[in-house]
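Results of the structural survey
Each chain is listed here by its residues.
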There are 2 protein chains.
Amino acid sequence: MAGLEKVLEIYEQIWALNYALALIGWDSETYMPEGSAKERGEVTSVLETMKQRLYISQNLLSALEELEESAESDVEKGIVRVLRRTIKYYTAIPADLVKKEEKVVNEAKIAWRRAKKEANFSLFAPYLEEIVEINRKKAEYLGYEDHPYDALLDLYEEGATTRELESFFDSLIPPLERELKRILSSGWPQDHPLEEAPYREMDMETLNREILNLLGFDWGLMRIDRSAHPFTEGIGLYDVRITTWYHGKDFRRSLLATIHEFGHALYERQCDPKFWKTPVCGGVSLGIHESQSRFWENIIARSRAFASFLSPIVKHHLGIEASPDDLFYYFNLVRPSLLRVEADEVTYNFHIALRFEIEKGLIDGSIEVKELPSLWNQRMEEYLGVVPPDDSLGVLQDIHWSLGAMGYFPTYSIGTVVAAQIKEKMEKDLDLENLIEKGEFGPIREWLRERIHRWGAIYPPKELLRRSLGGGPDPEAFLNYVRGKYKW
Amino acid sequence: MAGLEKVLEIYEQIWALNYALALIGWDSETYMPEGSAKERGEVTSVLETMKQRLYISQNLLSALEELEESAESDVEKGIVRVLRRTIKYYTAIPADLVKKEEKVVNEAKIAWRRAKKEANFSLFAPYLEEIVEINRKKAEYLGYEDHPYDALLDLYEEGATTRELESFFDSLIPPLERELKRILSSGWPQDHPLEEAPYREMDMETLNREILNLLGFDWGLMRIDRSAHPFTEGIGLYDVRITTWYHGKDFRRSLLATIHEFGHALYERQCDPKFWKTPVCGGVSLGIHESQSRFWENIIARSRAFASFLSPIVKHHLGIEASPDDLFYYFNLVRPSLLRVEADEVTYNFHIALRFEIEKGLIDGSIEVKELPSLWNQRMEEYLGVVPPDDSLGVLQDIHWSLGAMGYFPTYSIGTVVAAQIKEKMEKDLDLENLIEKGEFGPIREWLRERIHRWGAIYPPKELLRRSLGGGPDPEAFLNYVRGKYKW
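Parameters and conventions
- Numbering of residues begins from 1 in every chain and follows the order in which that chain's sequence is written.
- Numbering of ligands from 1 and lettering of chains from A proceed in the order in which they are written.
- With pLDDT at 70 or above as the cut-off, local features in this predicted model cover only qualifying residues; side-chain atom pairs require 80 or more to be listed or tallied, and sums for whole chains, interfaces and linings still use all residues.
- The side-chain values count all of the structure's non-hydrogen atoms but skip hydrogen atoms and water molecules.
- Helix numbering and strand numbering both begin at the N terminus, where a helix is a DSSP run of H or I of at least 4 residues and a strand a DSSP run of E of at least 2.
- Only the C-alpha atoms count toward the radius of gyration. The rule for a globule is 2.2 Å times the residue count to the power 0.38.
- The contact criterion used throughout is that any non-hydrogen atoms of two residues lie within 4.5 Å.
- The accessible surface values rely on the Shrake-Rupley method and a 1.4 Å probe; as for residues, cover is taken only from the protein chains in view.
- For any pair of parts, buried area is found by adding up, for both, the accessible area (1.4 Å probe) each one loses once the two are put together.
- Salt bridges, as used here, are contacts in which a Lys or Arg side-chain nitrogen is within 4 Å of a carboxyl oxygen on Asp or Glu.
- Distance and chemistry together define a polar contact, namely a pair of N or O atoms within 3.5 Å, with one atom able to donate a hydrogen and the other to accept it when in protein, and with adjacent residues in sequence counting only for side-chain atoms on both sides.
- Where each domain begins and ends follows an automated or database-derived domain assignment.
- Working convention: axes come from line fits to C-alpha atoms, limited for helices to the stretch in contact. Angles between N-to-C directions cover 0 to 180 degrees.
- For a crossing to be left-handed, the near helix must be turned anticlockwise from the far one by less than a right angle; the clockwise case is right-handed.
- Residue-level confidence of the predictor, termed pLDDT, takes values from 0 up to 100.
- Least-squares superposition of the copies uses the C-alpha atoms of those residues scoring a pLDDT of at least 70 in each of them.
- What a helix should span is 1.5 Å times the count of its residues minus one.
- We define the bend at each residue as the angle formed by axes fitted to the 7 residues ending at it and the 7 residues starting at it.
- When a residue's accessible area, from a 1.4 Å probe over protein chains only, is under 20% of the maximum for its type it is buried; when over 50% it is exposed; and in between it is partly exposed.
- DSSP calls a pair of strands paired once it identifies at least 2 bridges connecting them.
- Here the nonpolar core consists of buried residues drawn from Ala, Val, Leu, Ile, Met, Phe, Trp, Tyr and Cys, with membership extended through side-chain atoms lying within 4.5 Å.
- Note on ring pairs: Phe, Tyr and Trp rings are taken, using the six-membered ring of Trp, and paired if centres are within 6.5 Å. Classes follow the plane angle, with under 30 degrees stacked, over 60 edge-to-face and the rest tilted.
- Criterion for a charge above a ring: Lys NZ or Arg CZ within 6 Å of the ring centre, and within 35 degrees of the ring normal.

Moving on to the overall build of chain A. Scanning chain A from N- to C-terminus turns up 20 helices and three strands. A globule of 488 residues ought to have a C-alpha radius of gyration of about 23 Å, and chain A, at 23 Å, matches this closely. In terms of principal-axis extent, the alpha carbons of chain A reach across some 65 × 50 × 45 Å. A fraction of 73% describes how many contacts in chain A between residues 6 or more apart in sequence connect residues 24 or more apart. Here chain A has roughly 19,800 Å² of accessible surface; of this, 49% comes from carbon and sulfur atoms.

Contact residues are listed per partner, giving 38 residues for chain A and 38 residues for chain B. Interface of chain A and chain B: buried area, both sides summed, is about 3,100 Å²; carbon and sulfur atoms make up 63% of it. Summed over the three residues of chain A that lose the most area to chain B, namely Tyr19(A), Tyr31(A) and Glu39(A), the buried surface amounts to 20% of that side. Seen at the junction of chain A and chain B, the total is six salt bridges. Put simply, Asp239(B) and Arg40(A) hold a salt bridge, and the shortest N to O gap is 3.3 Å. The tally of links from chain A across to chain B stands at 21 residue pairs in polar contact (both at pLDDT 80 or more).

To continue, consider the domain arrangement of chain A. Residue and element names in this part refer to chain A. If you check the domain split of chain A, you get domain 1 (2-92) and domain 2 (120-488). The centre of domain 1, based on its C-alpha atoms, is set 27 Å off from the matching centre of domain 2. Roughly 2,400 Å² of surface becomes buried between domain 1 and domain 2 when both sides are summed, with 62% attributable to carbon and sulfur atoms. Glutamate 158 is the partner of arginine 85 in a salt bridge, and the nearest nitrogen-oxygen pair spans 3.7 Å.

Right, let's talk about the packing of helix H14 (residues 348-364) of chain B against helix H16 (residues 410-429) of chain B for a bit. Residue and element names in this part refer to chain B. Close contact between H14 and H16 brings their axes to 8 Å; oriented N to C, the two are set at 145°. Of the two elements, H14 crosses H16, and the hand of that crossing is left-handed. The segment H14 lies against H16, with Tyr348, Asn349, Ile352, Phe356 and Glu359 engaging Pro410, Tyr412, Ser413 and Thr416.

Before going further, it helps to spend a moment on the confidence of the model for chain A. Mean pLDDT for chain A: 97, with 100% of residues reaching 70 or above. Interface scoring of the predicted complex returns ipTM 0.96; its pTM is 0.97.

Attention now goes to the relation of the copies chain A and chain B. Put simply, the second copy of the chain is the first one after a rotation about an axis and a shift along it. Once turned by 179° and shifted 0.0 Å along the axis, chain A lies on chain B with an RMSD of 0.1 Å. The superposition of one copy onto the other is thereby described by a two-fold rotation axis. Residues of chain A ranked by C-alpha distance from the rotation axis are headed by Ala20(A), positioned 2.9 Å from it. Comparing interface residues between copies, 100% of those in chain A also lie at the interface in chain B; the contact surface is shared.

On to helix H12 (residues 304-318) of chain A. Residue and element names in this part refer to chain A. Compared with an ideal rise of 1.5 Å per residue, which puts 15 residues at 21 Å, H12 spans 20 Å between its outermost C-alpha atoms and is within 8% of the ideal. Bending of H12 peaks at approximately 40° at the position of leucine 310, with proline proline 312 no more than four residues after it. The buried fraction of H12 is high, at eleven of 15 residues. Those residues of H12 that sit buried are Ala305, Phe306, Ala307, Ser308, Phe309, Leu310, Ser311, Ile313, Val314, His317 and Leu318. Its buried side turned inward, H12 meets helix H9 (201-215), helix H10 (251-269), helix H11 (286-300), helix H13 (324-331) and helix H17 (432-438). One or two steps after H12, the chain reaches glycine 319, where phi turns positive at roughly 70°.

Residues and elements named next belong to chain A. In space, the three strands of this open sheet follow the order S1-S3-S2, with mixed pairing throughout. Each having just a single partner strand, strand S1 (222-226) and strand S2 (232-236) make up the two edges of the open sheet. Averaged over all adjacent pairs, the angle separating strand axes in this sheet is 20°, with direction ignored. For S1 and strand S3 (residues 239-244), the ladder comprises five bridges, and the chain directions are parallel. In the sheet register, arginine 226 faces S3, and the bridge partner there is threonine 244. The strands touched by H10 within the sheet are S1, S2 and S3, with S3 carrying the most contacts at an inclination of about 165°.

Moving on to the environment of Ala20(A). With respect to the helices, strands and loops of the structure, Ala20(A) is situated in helix H1 (residues 2-30). Considered as a pair, Ala20(A) and Gly236(A) are 216 residues apart in the sequence and their alpha carbons are 9.4 Å apart. Leaving out residues up to four positions away in the same chain, Ala20(A) has contacts with Ala20(B), Ile24(B) and Leu47(B).

One finds Ile444(A) and Ile444(B) to be the most contacted residues of the largest nonpolar core, which totals 338 residues. Setting aside chain neighbours within four positions, we find Ile444(B) in contact with Phe295(B), Trp296(B), Ile300(B), Met426(B), Leu430(B), Leu432(B), Leu435(B) and Ile436(B).

Right, let's get into the packing of aromatic side chains. This model, assessed by the stated rule, comprises 69 aromatic pairs over all chains. With a centroid separation of 6.2 Å and an interplanar angle of 55°, the aromatic rings of Trp296(A) and Phe441(A) are classed as tilted. Of this pair, Trp296(A) sits in helix H11 while Phe441(A) is found in the loop between H17 and helix H18 (442-451), placing the two residues 145 residues apart along the sequence. Exposure remark for Trp296(A): the relative accessible area of 0% places this residue in the buried category. Taking the relative accessible area as the measure of exposure, Phe441(A) reaches 1% and is therefore buried. Aromatic side chains Tyr89(B) and Tyr90(B) sit 6.2 Å apart centroid to centroid with 65° between the ring planes, which places their arrangement in the edge-to-face category. Ring pairs connect the aromatic residues Phe217(A), Trp219(A), Phe262(A), Phe295(A), Trp296(A), Phe306(A), Phe309(A) and Phe441(A), which therefore count as one cluster. Positioned above the aromatic ring of Tyr459(A) is the side chain of Arg467(A), whose terminal nitrogen or guanidinium carbon lies 3.8 Å from the ring centre. Of note, Arg355(B) hangs over the ring of Phe409(B), and the distance from its end group to the ring centre comes to 5.4 Å.

Here you go:
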């Protein structure tokens, strides 16, 4: 126990800095005066450096070695594992590469914005080339067994490998192509008049709050605001905040974003309070996090039962008369489209498969940056039968690469698939449909808490999946879900 | 310059921690979910400890000694002075006294709230006794030349002494008593029907924003929110936030609070940007800060010219028809009353004089805690002719002592008086009345920037006053202002 106490005594400062950085991050997207961004950038950078120094301090390293020798419980082992991961990152990447990345990313963000606006990939290409180069170097510094992309994947999804993901997408994509063809030719709706139905923002906000109430949002420890893009910020175990957006029409977008973020927030909030102020408090990986948001967004909110539950509430708050069937189809249109963020749950995975292939190829050198626009458009046509009219609706659509992040995208598909596994497993214990229709979400929250949330990060994602769901990510669960749901 | 660079390199971390702590403080009063207070308390305490460690680190001390030897410019000397003050505080007070204070204050806050609610001083008295004892010890540790209360005054108003303040109140209070008698017997209004006029919060918010626009609020770097009690938080030089409150009637309260906080915010914002990330960036003392808020609240917003400027704006936003004369008298009612926070600018100083006498006596032992209720009521009757019906409207009304703060109150009167000095001085350069009536506040902001704001904390408050206003605080300026304004 002495080792653990020493580790946590030092970690307390990292924890407090993380809390401050999270609040700063939340504020930057919600209430910060616009002109403050530059000053804030400096503050963040100083606090990050302080954090990094604590992570690689001899004090922490010695205490950690002591703990490593004595660690017996899963919690202690988890703490060692999570700390070692971060320390490895800070130790492996040399300071000049970090500096270079910061510099390139600062310029790349601006270049990307301009390139997207002008639909001119060549403005962004030189920066993307540098970013690819930096990521390749990172992979070398971090080390990998098989494929350099493994090192990058592991940053977002601990233990994920290129080979595994190849087999994951190989099992997922071809059958999903067949399902998509079947759905589209079956006459399943591709659009709906409710997409154009206007709402007053005030009413929509009330509707969102009402739904959050019913889902079990804990207002004493959580809040919702608005931002340009919805996100969740776990500031502390006892302060978890979400945001949503409003567009004045197509209320599905605001509502589903709210419910999606609720899923993330619940995962953060339902961690075992015993892990408070330790490195294992909170979500274990981006893929598992996304499985929680997708579970609430796709499995719950896009279900036929939820449509029944929602119909009178929508009428009450928005004055929109929509039958449960109307709502169900409106929430589940299947329409091959150009933009990932607007994709439905069936076509979404094709967008990710495309990005996975490209990132992998960029990192191992089999794809060059200059090929991207034509490659992108060709694959979009093969997968979804749509071709971007210009690069702003194609290869330039996502912000991720301009931020330097490669290896992030696959976690979206992992999450989508794991959400379907959760449904399968949960239905063995709960009458899910009936609970949703009656608006009884307590047992669902409890199931998630017990199986997934409370464990925080003490097990690596694959082990958590094995313990909670018997394995995964398992594309078959998602395919079964699609086969069962999209029957016209 | 080497010394300065080294000092600022270490100070950068203190600066970033201060920024984080300020944002956390702002958030705690505005958007924090209620149940998060305990976790946040721990975060704050960890970050404060980290800050303290940096202040007393050998690194900073060595660099500071080097700077001290080479310091030539006013800025460098100011940086040394300000850092030495904080270091002295952290070094002089032993850790166990700090711990004891934290503990007592935690309990005292709760006891005070209950005592106030039940109007029962005896519930708070034992805690106040401990707080007095702790403050006495603090004074001993900090050291003083003449009176132990000097050491406490200096924490809030650098260089202020008991003897000076005795002479300050001796010059202020007796003539002000005569003025008050004169005003009251002249028939000057003591109440006004507008005190009862209701408003819709939405309209009031629009009015506040409109007035802030006209005063020159920089929305790109500032914002306004609501909170239980209005306050200003200078998070960074480029992020200054104010709050206000709403009561549904008596719009003067919300508007004057907004303008008061604007004065604080402008002081923070108009510091010389060259001082950014140094210890001399921002206001120099509570008294000078209060002079800025009072200047905008009392000298500007309670002027006859402002009433003319405001009258059509109030009509437009609140639908309230009030002539300039109506507004002027409504904003300047003189009414002896029980509560400091509701006092007008004439009677306000009596409330402060009373608290000054009591604090001084508690610290030097000439007054005992148990005497306070009767002493309070007796002095209230002498000064203002009103006697609190119970202690919640008397000795229990202010939160300050329950937070452990003694020596803070006098800065309110210093600010009130200095605001009048600024008026006197400014009128030699500007046609103040005319500018206010036309709503041209730019030259006023510029005058304040040039004379006071831009200097940040490089000069101690008394030196700043000497340089900017030829001296002070000078009660005569305030008495002249009162004599000139309150003529019926």
